[in-house]
Amino acid sequence: MCTRKPGLCLLVLIPLALAGCGLLQDSNRDGGSLNPDGGLPDAGTTEAFAMLEDRVLVLVNQRRSQGAYCGSVSYPPAPPMSMNASLRIAARLHSQDMANNDYFSHVSQDGRTFDQRIRNAGYASSFLGENIAAGLPTAEGTMDAWMNSPGHCSNIMDGRFRAIGVGYGYRSGSTYTHYWTQDFGGN
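Residues numbered from 1 in each chain as written. Predicted model: local features only at pLDDT ≥ 70, side-chain atom pairs only at ≥ 80, totals over all residues. Heavy atoms only, no water.

Undergrad: Residue-level account of the nonpolar core, with values.
TA: Counting 23 residues, the largest nonpolar core has Val56, Met143 and Ile156 as its most contacted members. Those elements giving two or more residues to this core turn out to be α1 (43-66), β4 (68-70), β7 (127-134), α4 (139-147), α5 (150-157), β8 (161-170) and β9 (178-186). Once residues lying within four places of it in the same chain are set aside, the contact partners of Met143 are Val56, Leu59, Val60, Arg63, Ile156 and Gln182. With eight residues, the next largest nonpolar core counts Ala90, Phe114, Ile118 and Ala163 among its residues. (Core = buried A, V, L, I, M, F, W, Y, C linked by side-chain atoms within 4.5 Å. Buried < 20%, exposed > 50% of the residue type's maximum accessible area, 1.4 Å probe, protein only. Helix = DSSP H or I, 4+ residues; strand = E, 2+ residues; numbered from the N terminus. Contact = heavy atoms within 4.5 Å.)

Undergrad: Quick one: what's the story with the pairing of β9, residue by residue and with numbers?
TA: The buried fraction of β9 amounts to nine of the nine residues, a majority that puts the element mostly inside the structure. Here β9 shows a buried face lined by His178, Trp180, Gln182, Phe184 and Gly186 and a second buried face lined by Tyr179, Thr181, Asp183 and Gly185. With eight bridges connecting them, β7 and β9 associate as antiparallel partners. Within β9, the residue paired with Ala133 across the bridge is Trp180. Where β8 meets β9, nine bridges bridge the pair, whose relative direction is antiparallel. Residue Ile164 lies in a different strand from β9, and its bridge partner there is Phe184. (Pairing = 2+ DSSP bridges.)

Undergrad: Report on the pairing of β8, specifying residues and quantitative values.
TA: Counted residue by residue, β8 has eight buried out of 10 residues, so it is predominantly covered. Of the pairings in the sheet, the one linking strand β6 (residues 82-83) to β8 comprises two bridges and is parallel in character. Residue pairing in the sheet places Ser82 in a bridge with Ala163 of β8.

These figures capture arrangement, not role.
What follows is the structure, given as structure tokens:
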């Protein structure tokens, strides 16, 4: 989990499944998985990824509507978030970058941080956050892991965040196979 407020960055990395941030250097990649021949994914794969990402948004808003305990901190119900195209691009590119290059980190291998990647994707805000997860094949399992991690849960429940981008990346043979990113934007 990572939150960036002016002058403050909190970074929590939990091995195996959780953390968060990225932008691809290769403009031939569109956020889907690569076919075995190294080509672009077919439309069905990209659509399937979008369905997983949309499911995460539904689950986020269900959890926000109920309120939650994130560790020992109680969060009241929060307004729903909407999917933002720029945040979604940043999240998708980071998830697929982690999958394609077999790493798991909030910092891209070229040194970019999540806030740099989000701004590069066209989203302008001074209040940003990011969650990442890896190794979990379903939206439900990934959301459960995030909600059971106080820092990740806090990002999801923070009512100041009103926009989200969700990205899913996949690569068979990589360390975790499944890579997830949530990028958050607020006021």
